[in-house]
Each structure stands twice: as C-alpha cells, then as structure tokens.
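# Results of the structural survey
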Amino acid sequence: MGLKVIVIGCGVAGLSSARLLQEAGHRVEIWARELPPRTTSSIAAAFWYPYRVFPRARVATWADDSYAAFAALADTPAAGVLPRQALELFPDDADVDTSWSAALPGARPAPRSELPPGYAYGQLFDSFVIETPRYVPWLRARFLAAGGTIETRAVERPADALAHADAVLHCPGLGARETARDGGMLPVRGQLVRVANPGLTRVLVDEHSDGAITYVVPRSDDVILGGTSEEGDERLDPDAATTEAILARCLALEPRLAGAARLGVLVGVRPCRPEVRVEREELPGGPVIHNYGHGGAGITLSWGCAAEAVGLLNAP
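The rules we used
Throughout, a residue's number is its position along its own chain's written sequence, starting from 1. Totals for whole chains, interfaces and linings use all residues, but because this is a predicted model, local features are given only for residues with pLDDT of at least 70 and pairs of side-chain atoms are given and counted only at 80 or more. By convention in this description, side-chain values take in all heavy atoms of the structure and omit both hydrogens and water. Any carboxyl oxygen of Asp or Glu within 4 Å of a side-chain nitrogen of Lys or Arg constitutes a salt bridge here. Every helix listed is a DSSP run of H or I at least four residues long, and every strand listed is a run of E at least two residues long, numbered separately from the N terminus. Any residue under 20% of the maximum accessible area for its type is buried, any over 50% is exposed, and the rest in between are partly exposed; the area is computed with a 1.4 Å probe on protein chains only. Expected helix span is given by 1.5 Å per residue-to-residue step, counting one fewer step than there are residues. Within this analysis, the arc is defined by the directions that extend from the helix axis to the C-beta atoms. Contacts were defined at the residue level, with two residues in contact if any of their heavy atoms lie within 4.5 Å. With axes taken as lines fitted to C-alpha atoms, and helix axes fitted only over the stretch in contact, angles between N-to-C directions fall between 0 and 180 degrees. Orientation is classified from the angle alone, with under 35 degrees giving roughly parallel, over 145 giving roughly antiparallel, 65 to 115 giving roughly perpendicular, and any other angle giving oblique. Throughout, a crossing is termed right-handed when the near helix is turned clockwise from the far one, and left-handed when it is turned anticlockwise from it by less than a right angle. Amino acid classes used here: Ala, Val, Leu, Ile, Met, Phe, Trp, Tyr, Cys and Pro are nonpolar; Asp, Glu, Lys and Arg are charged; the rest, including Gly, are polar. Strand pairing is assigned whenever DSSP identifies at least 2 bridges connecting the two strands. Polar contact is defined as a pair of N or O atoms within 3.5 Å, subject to the rule that within protein one atom must be able to donate a hydrogen and the other to accept it, and that residues adjacent in sequence are counted only when both atoms are side-chain atoms.

Another point: the pattern of salt bridges. One pass over the structure, following the stated rule, counts 21 salt bridges. Note that Arg273 and Asp182 form a salt bridge whose closest N and O atoms lie 2.8 Å from each other. Taken together, the residues span a long stretch of sequence, with Arg273 in the loop between β13 (262-272) and β14 (277-283) and Asp182 in the loop between α5 (176-179) and β8 (186-196) at a distance of 91 residues. On the accessibility criterion, Arg273 (24% relative accessible area) is partly exposed.

Here you go:
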C-alpha cells in the first residue's frame with residue numbers, strides 16, 4: 001500500500017499533483033483554504049503558453065511534458081482541452097526570439113498577410129486552450145472518483161499536515177507567502193474580459209509591445225480577452241477603464257470582435273516568483289515536496305511540475 005499524502009492547495013497544481021499521486025498508488029487528501037471556483041486556476045485564460053515564469057531550462061521541460069499531457073486529453077470532450085493554432089505577434093522583427101516555440105508542432109513564420117496592422121513578424125504554432133470552467137471540475141471529479149477527499153482547511157505551515165500523513169505535497173499558490181514564509185512571492189494582478197465567440201478559433205498573443213500583454217483566447221462559446229500584469233496589486237474588483245483598454249487592444253488585433261456581446265469581467269492574482277519552486281524538503285515528521293510559484297503559467301506547467309514533484313516523493 002502506498003503512502004498517505006496530504007496535498008495543500010486545490011488549484012490546478014494541487015489537483016494535478018493529487019491525481020498523479022493516486023496513479024502512483026498513494027492515498028491522497030487535499031487540504032485547501034480556497035476551493036474551486038474561488039482559485040486563480042479557475043478563472044485563468046488558460047492556453048498553453050509559458051508566460052512570465054523561470055528558470056527557462058526547467059520551464060521548457062515542464063512545459064513540454066504538460067503539452068504532451070494536454071495532447072492526450074484533447075480526445076476527452078469532458079476535459080475541455082481544445083487544440084488551437086496560436087499566433088505570437090512581434091512589433092519589431094529585429095527582436096524576434098522564437099527559440100522556445102520553434103520545435104512545437106505547426107511552428108512556422110506567419111504570412112505577412114495574416115499579421116494585424118503594426119506588426120512586423122508572427123510565429124504560428126499548435127497549442128491548446130484549456131476551458132477552465134470545464135477542466136477544473138473535471139479534474140476535481142476524477143480525483144474524488146479515485147477515492148480522494150477534499151477538506152476546506154487553512155494550514156499555517158506544511159509541518160502541521162505532517163502530523164496526519166506520511167508526506168506533504170505543498171501547492172499553495174500565493175499562499176506560500178504564509179505557509180512557506182516565502183518572501184519571494186509576488187502577486188501580479190490580471191484582469192480579463194469575457195465576450196461571446198463570433199466564430200474565432202485562433203489564439204492571438206502579443207507579449208512584446210510596450211505596456212500590458214494582449215491576448216485573444218477563443219473557447220467553445222466565449223472568448224477570453226486580456227490582459228494586465230500589475231505587480232504587487234491584489235485588488236479583485238474589476239476596473240472599468242482597464243476593461244475598455246483591453247477591449248480596444250484586442251479589437252485592434254481581431255476586428256471580428258466588434259459587436260461581440262460582453263459576458264463579464266474576471267480578475268485573478270498570479271502567484272509569481274523569481275523561479276518556480278519544485279523541490280524536496282526534509283522535516284522531522286517526513287518529506288515536504290514544494291510545487292508553487294508558477295506565475296502566469298500555472299496550467300501550462302501543471303502536469304510537468306506535478307510529475308517532477310511526485311517523483312521527488314520517492315527520492316532517497
């Protein structure tokens with residue numbers, strides 16, 4: 001029989017780690033202060049794209065492993081994983097760096113005729129959009145169906161959970177400021193706008209122009225428009241002026257959004273860190289495996305980081 005493991009956190013990092021722990025034969029409980037849909041993962045735009053996350057070498061491996069996992073889920077309709085072509089846009093062709101995407105399926109320069117006005121270069125690649133209102137409940141249901149339990153429970157530090165388990169997998173997101181006393185955590189606010197989908201299927205993303213990141217993420221019935229990247233800001237109330245700015249930038253990228261019905265505004269706070277923390281810590285009561293600090297790429301890295309974290313449980 002496997003170990004009894006408590007996973008701290010019920011965002012996508014915690015749920016993915018919990019599922020892989022179950023598949024490895026362990027008995028798993030999730031303890032979390034907030035449950036879906038009140039987690040950052042539940043409102044993310046969520047397309048596969050390694051945004052604002054380091055270190056690059058480890059991120060590449062985690063992202064590749066997650067890409068493969070999402071590819072395997074794309075044939076499971078209930079999971080809400082949609083294959084989508086993505087177009088990354090560059091305003092200046094002198095500063096183009098496509099080294100991270102060049103090896104992806106479908107990677108190629110976009111024809112100039114397909115670039116929005118004002119852009120000098122575009123890189124096409126095959127990606128996935130993860131419809132979080134479907135994906136997160138599906139992942140949670142899979143965990144529960146496999147015998148897992150979820151408890152709403154705040155934890156001051158991982159050692160507290162070790163009194164009830166053989167090991168702890170620590171996936172608290174921004175909560176690591178408190179549970180790990182991690183002063184390197186940086187909240188970064190992101191505001192999104194939901195509109196009805198007028199028939200779009202291609203993801204558009206501009207991370208390289210001055211100002212905020214801009215993206216158009218088409219899902220089955222709606223489109224997520226973004227965004228913002230406001231360091232140190234934890235406000236969860238929408239800002240009306242920001243909403244209008246997002247709509248204007250996205251309309252400039254995709255004119256077919258003109259007149260699309262507005263469905264709502266979403267705000268979340270990314271759990272950023274100078275580097276993602278996936279490592280094992282030995283405590284008197286047993287091992288704690290940390291898996292947090294995924295910044296704006298929590299879903300993009302979810303399965304890769306979870307696999308490494310679970311592997312660390314068996315490290316000598």
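So, about helix α2 (residues 56-73). With 18 residues, α2 extends 25 Å between its outermost C-alpha atoms, agreeing within 8% with the 26 Å of an ideal straight helix rising 1.5 Å per residue. By the burial criterion, the buried members of α2 are Val59, Trp62, Ala63, Ser66, Tyr67, Phe70 and Leu73. All buried residues of α2 project into a common sector of 145 degrees when viewed along the axis, lining one side. α2 presents Ala57 and Ala72 as exposed residues on the side facing more than 90 degrees away from its buried surface. Its buried side turned inward, α2 meets β3 (81-90), β5 (121-130), α3 (132-145), β14 and α7 (302-313).

For the rest of this paragraph, the subject is the packing of helix α1 (residues 12-23) against α7. Where α1 contacts α7, the axes come no closer than 9 Å and their chain directions differ by 50 degrees. Here α7 runs oblique to α1, going by the angle between their axes. As α1 packs across α7, the resulting crossing turns out to be right-handed. In this structure, α1 contributes Val12, Ser16, Ser17, Arg19, Leu20 and Leu21 to the contact, and α7 contributes Ser302, Trp303, Ala306, Ala307, Val310 and Leu313. Here the contact of α1 with α7 is built from residues that sort into 8 nonpolar, 3 polar and 1 charged.

What follows deals with unusual backbone geometry. For the peptide bond that leads from Pro36 to Pro37, omega is 10 degrees, which places it in the cis range. Looking at the element boundaries, Pro37 is found in the loop between β2 (27-32) and α2. Pro55 follows Phe54 through a cis peptide bond whose omega is 0 degrees. In this fold, Pro55 is placed in the loop between β2 and α2. With a phi angle near 60 degrees, Ala46 is a residue other than glycine that sits in the positive phi range. Counting through the fold element by element, Ala46 comes out in the loop between β2 and α2. Note on Ala46: relative accessible area 10%, which makes it buried. The phi dihedral of Arg181 is positive, around 50 degrees, even though this residue is not glycine.

If you walk across this open sheet you meet the 6 strands as β6-β2-β1-β7-β15-β14, and the pairing is mixed. In this open sheet, the two edge strands, each paired with only one partner strand, are β6 (149-152) and β14. Ignoring which end each strand starts from, the neighbouring axes of this sheet average 20 degrees apart. Pairing geometry for β2 and β6, over 4 bridges, is parallel. Bridge pairing in β6 places Ile30 opposite Ile150. Helix-sheet contacts for α1 involve β1 (4-8), β2, β7 (167-170) and β15 (286-292), and the interaxial angle to β2 is about 170 degrees.

On to helix α6 (residues 240-253), then. The terminal C-alpha atoms of α6 lie 20 Å apart, and with 14 residues this matches the ideal 20 Å at 1.5 Å per residue to within 8%. Three or more residues of α6 are buried, namely Thr242, Thr243, Ile246, Leu247, Cys250 and Leu253. The buried side chains of α6 occupy one side of the element, clustering within an arc of 135 degrees when seen end-on. Opposite the packed face of α6, turned more than 90 degrees from it, sit the exposed residues Ala240 and Ala241. Of the surrounding secondary structure, the elements contacted by the buried residues of α6 are β3, β8, β9 (203-206), β10 (214-218), β11 (222-226) and β13. Capping the start of α6 is the job of one residue whose side-chain oxygen sits 3.3 Å from the backbone nitrogen of Ala241: Asp239.

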